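Below are the chains, spelled out letter by letter.
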Amino acid sequence: MTEEPKGQEPENKTGGNYRETDFADHGVYVEGDYINNREQPRPEAAPLWRELQRKLIGWLDRDQYAASCIRKKLLEAVKREVTTRLQDSLHQNELEMNLYLELPMEESKGAVERDQRQKVIPLPPQTSAMEVFERPDVKGRLLILGEPGSGKTTTLLRLAEDLVRQAEQNNAAPIPIIFELSAWKNDQQPLDKWLVAQLKDNYSIDEKISQQWLENHQLLPLLDGLDELGIAGQRLCVTKINQFFKQDIQRRGVVCCRLEEYQQGRVKLRKLNGAYCLQSPKDIHIQNYLQRLDKQELWQVLSSDAQMRQLADKPLFLNVMVTAYQGQPITNKAQLWSAYVEERLKLPLDQQKYPKGVPYGDEHTRHWLTYIARQLVADSTTEFLIENMQLYWLNKGGERLAFRLISGLILGLILGLILGLILGLILGLIYGLILGLIYGLFLENFKYYELTAEAFIINWYGVKYGLTYGLILGLIYGLIYGLIYGLILGLIYGLILGLIYGLIYGLIFGLSSGLIYGLIYGLRTEIKAKVQPNQGIKESFKKTFIIPLFAFPAWALIYPLFFIVTGANLDLTSALTMGLLIGLVSALASGGQDWIPHLTLRLILWQRGAIPWNYARFLSYAAQRRLIQQVGGRYRFLHDALRQHFVGNKPVPPPLIEGSKNTGLGYILLGFSLFVFIILSSSIYRVDSGLKSTVVPVVQSGDVVLTDRVTRNWRKFHHGDVIHFRVTKNLAKQGFNGKKYIMMRIVALPGETFAIKQGEVY
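The structure reproduced in this document is the subject of the present report. (Residues numbered from 1 in each chain as written. Predicted model: local features only at pLDDT ≥ 70, side-chain atom pairs only at ≥ 80, totals over all residues. Heavy atoms only, no water.)

### Digging into the overall build of the chain
For step 1, the next point in the chain: What the chain contains, in helices and strands, is 25 helices and 18 strands.
For step 2, the next point in the chain: Burial analysis of the chain (762 residues in total) assigns 45% to the buried set.
For step 3, the next point in the chain: Counted over contacts in the chain with a minimum sequence separation of 6, partners at least 24 positions apart contribute 72%. (Helix = DSSP H or I, 4+ residues; strand = E, 2+ residues; numbered from the N terminus. Buried < 20%, exposed > 50% of the residue type's maximum accessible area, 1.4 Å probe, protein only. Contact = heavy atoms within 4.5 Å.)

So this is what it looks like as structure tokens:
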């Protein structure tokens, strides 16, 4: 397919299926048939009421406006990824290949398996995948086949580049998205659901928007790496792909697979219309290619060395030879890749980035890349993200025990500081460490976990939706929490009074939590491509500080409602303390649950020597050496063959997935600890100057008092016991007025007679 010359007017397309989506001169989102009206005169200014009407329509169509903005950002992210990967590709210098196209005819079966005979059409070496993709007999449903190293993925990237250019020029054209089928884990998951989930994971696209785009043919999936699923997984995936294209005849897409694995799978892609096949280049193609690169001496070597000539049949290995060959004979793939790695590590570095010279030794570089390669093979994936490092990478035994202890202690210290606001610092730290260790030792698991952190921006539509959803959810959970808390308080104040207080507290807590959730939900972006290393953890860390900025003032304003409902004296210090407490808890629950285990994992792996301390810096160094490829915050080896070279011949064990240990006991201990915490938090308080006490100097203002709120209902009182009680209306009539609470010592019990002489009790 040839590019349209600059300055040439595009062809008018009316009456067809083309739709144009854009913004009018005044910023209003419009949609209609694609009609070229550049030569039409600019309309005159509209009356004021029409201008207001247009603004109103634009406001009502804000969902479409938002979707259009997301489309633009997604297209930019895809273009950046495709451009970066093509620039780093080992097939950067294009080599002419033997090409042919398989099309169905009558009474036979071939690569796309129809009840028809296969028609094989030789193609000129310059034929691009885009030209084949747009053929009337292919209709945008294409299979790319070839041997390992033949340039399948590079062909797919060049096709994506052409499709991106087309989408930039026409808003009606679909956005091409490259999906790695190695990430397809659930054999029973429909392909459209998997595509939506991948868009959510990789680009943070809302699932509803992704689903709508798929239904409206605004996305064009390019599926790479079908052969990486294994024969059994490949067959199941092919079945799902056939179902996907069968559901909608207008759907278009491309699948990329190795030829040998595809033939071994037997189950064919029946719903694709053609197979674009890449074959080994001819001698004349190789000779012309090396001549263009001024590498004629390498052609002389290939002509006289049969083993090197056999390797050169694969365009990938031929490109590697151009870089790695230094006069020494290369007889196999291992020698070829060793020479390539050695040559890349010798190249000079950017002095501005590395003023002190080479930051890592060659052995360390090989060791750390080997570790990444083996983990990628174990996880059956091709891309590596720092934030997606898994806990099951830790060895069983000492490393996992160390992780449980360290993460539990870190969590315990943070909880201790939070609880210290209620129970006092010493008691809070002790109780927090107990809770943290219970969680770490009994409830921590080593399963697959994928971080889905989102960045924060102002999204007022999200705020409105979040407030509505959060308040409804808060009402439900507030009632549940209120009933549970009320039953516990019933042990202290009696069942009826406990339920009343519990429901009041629960509703206030639930509704206020829903309010905070709504604000947080509105402060997020719909798309945030991972353009920085470890971006997910960084966003989680930012959440740890951003969320308290909303939770603290919200709860500081809401907490006085407790005093208003209960009739207690308003305490400004308690309100600020509770606001700080809720802010810290919400920060820990939202961001801390991501970065605490991540940092603990990296600390242990660094101590083992499996990874460097500054992982992002090392990966950028490896990318500059062209050993791996960096696209934003995602990394991959330049080719699967290079990754396999680092893996070596030693078998890769499967992931050591491990669940929680003694989960039942852990929940029992947590439940008991929660019960003790509620009792302690309602029993320990600081005596203030407003408390009238008749036991001074035994109890003075500022003292911390522990009250018995549980067993007091069942045990007997004795002489000398100090009691703390609330002044009721009847007591106020008897002279106990002016104070809400009074603390006194028992001098006599019911039925006893006593006398007071000169301040002494007899």
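Next comes the rest of the write-up.
### Description of the pattern of salt bridges
For step 1, the next point in the chain: One pass over the structure, following the stated rule, counts 19 salt bridges.
For step 2, the next point in the chain: Among the ionic pairs, E363 bridges to R366, the shortest N-O distance being 3.6 Å. Of this pair, E363 and R366 both sit in helix α14 (residues 362–378), 3 residues apart, which is roughly one turn of that helix. (Salt bridge = Lys/Arg side-chain N within 4 Å of Asp/Glu carboxyl O.)

### Some thoughts on the state of the cysteines
For step 1, the next point in the chain: All told, the structure shown has 0 disulfides when counted by the stated rule.
For step 2, the next point in the chain: Among the cysteines around C256, which has no disulfide bond, C257 carries the closest sulfur, lying 7.7 Å off. (Disulfide = S-S within 2.5 Å.)

### A closer look at the pairing of strand β10 (residues 628–631)
For step 1, the next point in the chain: Pairing of β10 with strand β11 (residues 634–637) involves 4 bridges; the strand directions are antiparallel. Residue pairing for β11: Q630 is matched across the bridge by Y635.
For step 2, the next point in the chain: Connecting β10 to the antiparallel partner β11 that follows it, the hairpin turn spans 2 residues, and G632 within it adopts a positive phi of roughly 65 degrees. (Pairing = 2+ DSSP bridges.)

### Description of empty space enclosed by the protein
For step 1, the next point in the chain: For the structure shown, the criterion picks out 2 cavities of 30 Å³ or more.
For step 2, the next point in the chain: Forming the boundary of the largest cavity are 28 residues, of which T153, D224, L638, H639 and D640 lie nearest the centre.
For step 3, the next point in the chain: Listing elements by their share of the lining of the largest cavity, those giving two or more residues are α4 (152–169), β8 (253–258), β11 and α23 (640–647).
For step 4, the next point in the chain: Per-element tally for the lining of the largest cavity: the top contributor is α4, with 4 residues.
For step 5, the next point in the chain: Considering only enclosed or pocket space, the second largest cavity measures out at about 40 Å³ in volume.
For step 6, the next point in the chain: A per-element tally of the lining of the second largest cavity places β11 first, with 3 residues.
For step 7, the next point in the chain: Within the lining of the second largest cavity, the residues separate by chemical class into 7 nonpolar, no polar and 1 charged. (1 Å grid on protein atoms, 1.4 Å probe; cavity = no way out; pocket = protein on both sides within 12 Å on 5 of 7 lines; lining within 4 Å. Points joined across faces, edges and corners; volume = space filled by probe spheres on them. Nonpolar A, V, L, I, M, F, W, Y, C, P; charged D, E, K, R; others polar.)

### Comments concerning a nonpolar patch on the surface
For step 1, the next point in the chain: Together, L421, F552, L572, L576, L580 and L584 line one region of the surface with nonpolar side chains, adding up to about 490 Å² of accessible area.
For step 2, the next point in the chain: As for its position among the elements, L580 is in helix α21 (residues 572–608). (Patch = residues over 30% accessible without salt bridge, like charges linked within 9 Å, V, L, I, M, F, W, Y side chains within 5 Å. Areas by Shrake-Rupley, 256 points an atom, 1.4 Å probe, with all protein chains shown as cover.)

### Describing the packing of helix α9 (residues 283–292) against helix α12 (residues 315–324)
For step 1, the next point in the chain: Two elements in contact, α9 and α12, have axes whose closest approach is 12 Å; the angle formed by their N-to-C orientations is 35 degrees. Of the two possible hands of crossing, α9 and α12 adopt the one that is right-handed. For the pair formed by α9 and α12, the contact residues are I286, Y289 and L290 on the first element and L318, N319 and V322 on the second.
For step 2, the next point in the chain: Here the residues of the contact of α9 with α12 are counted per class, giving 5 nonpolar, 1 polar and no charged. (Axes fitted to C-alpha atoms, helices over the stretch in contact; angles between N-to-C directions. Left-handed = near helix turned anticlockwise from the far one by under 90°.)

### Structural notes on the pairing of strand β5 (residues 141–146)
For step 1, the next point in the chain: β5 sits mainly inside the fold: 6 of its 6 residues count as buried.
For step 2, the next point in the chain: Relative to β8, β5 runs parallel, the two sharing 6 bridges. Within the sheet, the bridge partner assigned to L142 lies in β8 and is V254.
For step 3, the next point in the chain: Note that β5 and strand β9 (residues 274–279) share 5 bridges and pair parallel. Within β9, the position partnered with L142 by the bridge is G274.

### Remarks on the packing of aromatic side chains
For step 1, the next point in the chain: Per the counting criterion, the structure on display carries 16 aromatic pairs.
For step 2, the next point in the chain: Ring centres of F541 and W595 lie 5.2 Å apart, and the angle between their planes is 70 degrees; this geometry places the pair in the edge-to-face category. Here F541 is found in helix α19 (residues 535–558), whereas its partner W595 is found in helix α21, with 54 residues between them in sequence.
For step 3, the next point in the chain: One aromatic cluster is present, formed by Y354, Y360, W368, F618 and Y621 through successive ring pairs.
For step 4, the next point in the chain: In this structure, R400 is placed above the aromatic ring of F446, and the distance from its NZ or CZ to the ring centre is 4.7 Å. (Phe/Tyr/Trp six-rings, centres within 6.5 Å; stacked < 30°, edge-to-face > 60°. Lys NZ or Arg CZ within 6 Å of the ring centre and 35° of its normal.)

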